[in-house]
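Given next are the chains, with one letter for each unit.
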Amino acid sequence: MRHLLELGRVLYRERGGLQLEDLVQVEEGTLYLLDLYPKERLARLIPYELDKEKCRRFLWIGDPPQSQAQRDRVTTKELRYLVGQVPGALANDPGLRERLGHLVWNVGTGKHGSLLDLRGYRLEGAKDVPRAQDSQPFWVEGGILHWDGKAPGTGKGSKPGEELAGTLEAAWGIRVARGKRLLFSLALEGSPVADWPEYRDYLRRLLLERPFQGVKEGICHGCGVQAPVTPETAPFRYKFYITDKKNFAPGLVDEAFPKALALCKECFASLLLGERFAEEKLEVSFLGQRALVLPEGEGNLRLEVLAHRVDRLLAQVRGLEKVEAWRDFLQRMGPGTKAGFLGFSLVFFERSQASTKVQEAVYEVPPSRVEVLFQAMEESRWLSPWGGEVEGLGDWVRLLGDGGYASAMKVAVHLLAGVPLERGFLLPPLLETARRALWESSRGPMAALELLALGAGWHWVLRRLGMLREEGAENKQAWDVAEEYRRRFEEYGFGPLRAGLYLLGVALEMVGHAQAQVAEYKKEPLLESIGWEGMSLVEARHLAQRAADRASHYLEGGDLSRFLEVVGMATDLMERGEERLSQREIPYYLLMGYAQARARRLQAGKAKKQQAEEVTHGE
């Protein structure tokens, strides 16, 4: 809320206060204007295609955020509100009563106690709606709306507005297009109520004055000024903090709500502006979840500078999800554009009419942290030959399987905050995702191995950032292995045991690839025989022997010699290793070697094919 208030202050200062148009929500879809001619007893339904101009003209600022509140705005998202709750609310206002009071039909008490009185109206362009048995008091015959004389809303589970709206929707054939918004508004004799000065005055009083009725003076939590303050939060759309639950009040006492949060009129209006700006400009889909991106330190900026920074910040956040998007943004900005990273807060949330629940959040991420993250992801390119170049934080949704969205949010928050991760949190879901891909994906082994190679790329990034807790890691070794493996072992900080398991995976891939060729790349029996859900070191050594037995059937010549050499290095390192690994970690390092070896093989094959094509083209 502090971030939203700071944003709102910029808007409030630059625009000289709050204008109703500043709160307008832009939608795509259709607005139906119900235009009434009382003298002629005529009702017309006029459709408008929604765009920014129409949303502003009809002052679509949304229905009241509270789920149980009376609908009291003339432009609304439900026809049942327009012909039910809205007319009574508007007619109760002294400024609107004279013009609208004669249209209200009082059928009961409470918010469902009134209707728009359309009895006997001719519905222009409507089709007949047959009279229903007992359940529906309204029907249309000869284009005229009829009423059976029974009190509306007396049917089981029905409300007056729903009954009338149901008949009108059937008569006029109102349907909502998928993915589009339907809005409804009211006009009298061609004059939309939203255009009336009396309605605009009513709406301002509703939003800005009613929350301050009967309040006392106090200290504003937004600006620290002594002034009349309100604890009311009902008009706000982001329900991070609400005053209809006592657990938000100090001491669980209703009267103590002002001690938790109280705002003066200017800060109240600024917060309305800030959340509307955030809803329109700063809500994003990040890792498949709804999120708010809140800029840091923007309170003293001019509006045009803020708009520029927001564009850059959103491009930056999208780039964190997919690095290529950030590269594209910089390219569009022109040659020589510097990265110029910005600080921000990121809030993942779920939203309902009653509350806004924060799922995960990271606050005040400094520009230096953003720069380090981008740098580490860019540097992962050295792993490209082994399938380990990371594409962005969005990779984690793929890597973590069924629970990918929730787990990916946790990983993103840790990365942005610089809080280390436990290997035990990451390895089991990664292995499970790859195992399921092995058995369920139409691409079979390759789908699983690509996930493992990508996971190995992120393993390096996390270690590069100092974010992977690795107990008992033996980082300084004099490696007696081929040069092609030495750098990888040093970069990953492998001790002998993890290096040995990795090399065993490389050796297994040689046999697995030969098996795949025989099976036309649909199956790899040796890969399937690995203990994906966990295995002991004894089982890993038995696997090495089993692979050696199969190698003599599938490999020959130089390939067989190479296999024996790698297996020899692997078993020697495994014997010398003193690290303690869990049974879930052992197959991970083995499969890591397998996956990177396969990626390297495919890269080499592509390079060889491309070289041959270039030679052919040259001839």
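Residues numbered from 1 in each chain as written. Predicted model: local features only at pLDDT ≥ 70, side-chain atom pairs only at ≥ 80, totals over all residues. Heavy atoms only, no water.

Enquirer: Can you explain the pattern of salt bridges? Please cite residues and give values.
Expert: The full count for this structure, using the stated rule, is 40 salt bridges. Between arginine 119 and aspartate 117 there is a salt bridge, with its nearest N and O atoms 2.9 Å apart. Given the relative accessible area of 26%, arginine 119 is considered partly exposed. Arginine 351 is the salt-bridge partner of glutamate 283, the closest N and O atoms lying 3.3 Å from each other. (Salt bridge = Lys/Arg side-chain N within 4 Å of Asp/Glu carboxyl O. Buried < 20%, exposed > 50% of the residue type's maximum accessible area, 1.4 Å probe, protein only.)

Enquirer: Can you tell me about the packing of aromatic side chains, naming the residues and giving the values?
Expert: Here the structure, examined in full by the defined rule, presents 23 aromatic pairs. Note on tyrosine 485 and phenylalanine 489: the rings are 6.3 Å apart at their centroids and 15 degrees apart in plane angle, and the pair reads as stacked. Taken together, the positions of tyrosine 485 and phenylalanine 489, both in helix α17 (residues 483-492) and four residues apart, correspond to about one turn of that helix. Judged by its relative accessible area of 1%, phenylalanine 489 falls in the buried class. With centroids separated by 5.6 Å and ring planes inclined at 85 degrees, the aromatic side chains of phenylalanine 489 and tyrosine 502 adopt a geometry described as edge-to-face. Here tyrosine 502 lies in helix α18 (residues 496-518) and phenylalanine 489 lies in helix α17, a separation of 13 residues in the sequence. Linked through ring pairs, Tyr485, Phe489, Tyr492, Phe494, Tyr502, Tyr588 and Tyr589 together constitute an aromatic cluster. For the cation-ring pair, arginine 119 lies above tryptophan 147, with the distance from its terminal atom to the ring centre recorded as 5.0 Å. (Phe/Tyr/Trp six-rings, centres within 6.5 Å; stacked < 30°, edge-to-face > 60°. Helix = DSSP H or I, 4+ residues; strand = E, 2+ residues; numbered from the N terminus. Lys NZ or Arg CZ within 6 Å of the ring centre and 35° of its normal.)

Enquirer: Please set out the side chain of glutamate 509 residue by residue, giving values where relevant.
Expert: Looking at where glutamate 509 falls in the secondary structure, it is placed in helix α18. Classification of glutamate 509 as buried rests on a relative accessible area of 2%. Looking at glutamate 509, its side chain comes within polar contact range of the side chain of arginine 598, at 2.6 Å. Apart from the residues within four sequence positions on either side, glutamate 509 is in contact with Tyr594, Ala597, Arg598 and Arg601. (Polar contact = N/O pair within 3.5 Å; in protein donor to acceptor, adjacent residues only side chain to side chain. Contact = heavy atoms within 4.5 Å.)

Enquirer: Describe unusual backbone geometry, with residues and values.
Expert: The phi dihedral of arginine 41 falls on the positive side, at around 50 degrees, and the residue is not glycine. Its location among the elements puts arginine 41 in the loop between β1 (29-37) and β2 (42-49). For glutamate 189, which is not glycine, the phi torsion reads 50 degrees and is therefore positive. Relative to the helices and strands, glutamate 189 resides in the loop between β8 (181-188) and β9 (191-192). With a relative accessible area of 47%, glutamate 189 lands in the partly exposed category.

Enquirer: Pulling in residues and values, what's your account of the sheet that holds strand β15 (residues 356-365)?
Expert: The four strands are arranged β12-β13-β14-β15 in an open sheet whose pairing can be described as antiparallel. The sheet is open, and its two edges are formed by β12 (283-286) and β15, each paired on a single side. Put simply, the sheet's adjacent strands are angled 30 degrees from each other on average, direction ignored. Pairing of strand β14 (residues 344-351) with β15, which is carried by seven bridges, proceeds in the antiparallel orientation. Following the sheet pairing, phenylalanine 348 is matched in β15 by glutamate 360. On the sheet, helix α10 (residues 303-321) packs against β12, β13 (289-295) and β14 and is oriented at approximately 10 degrees with respect to β12. Across the face of the sheet, helix α14 (residues 404-417) comes into contact with β12, β13, β14 and β15 while running at roughly 25 degrees to β15. (Pairing = 2+ DSSP bridges. Axes fitted to C-alpha atoms, helices over the stretch in contact; angles between N-to-C directions.)

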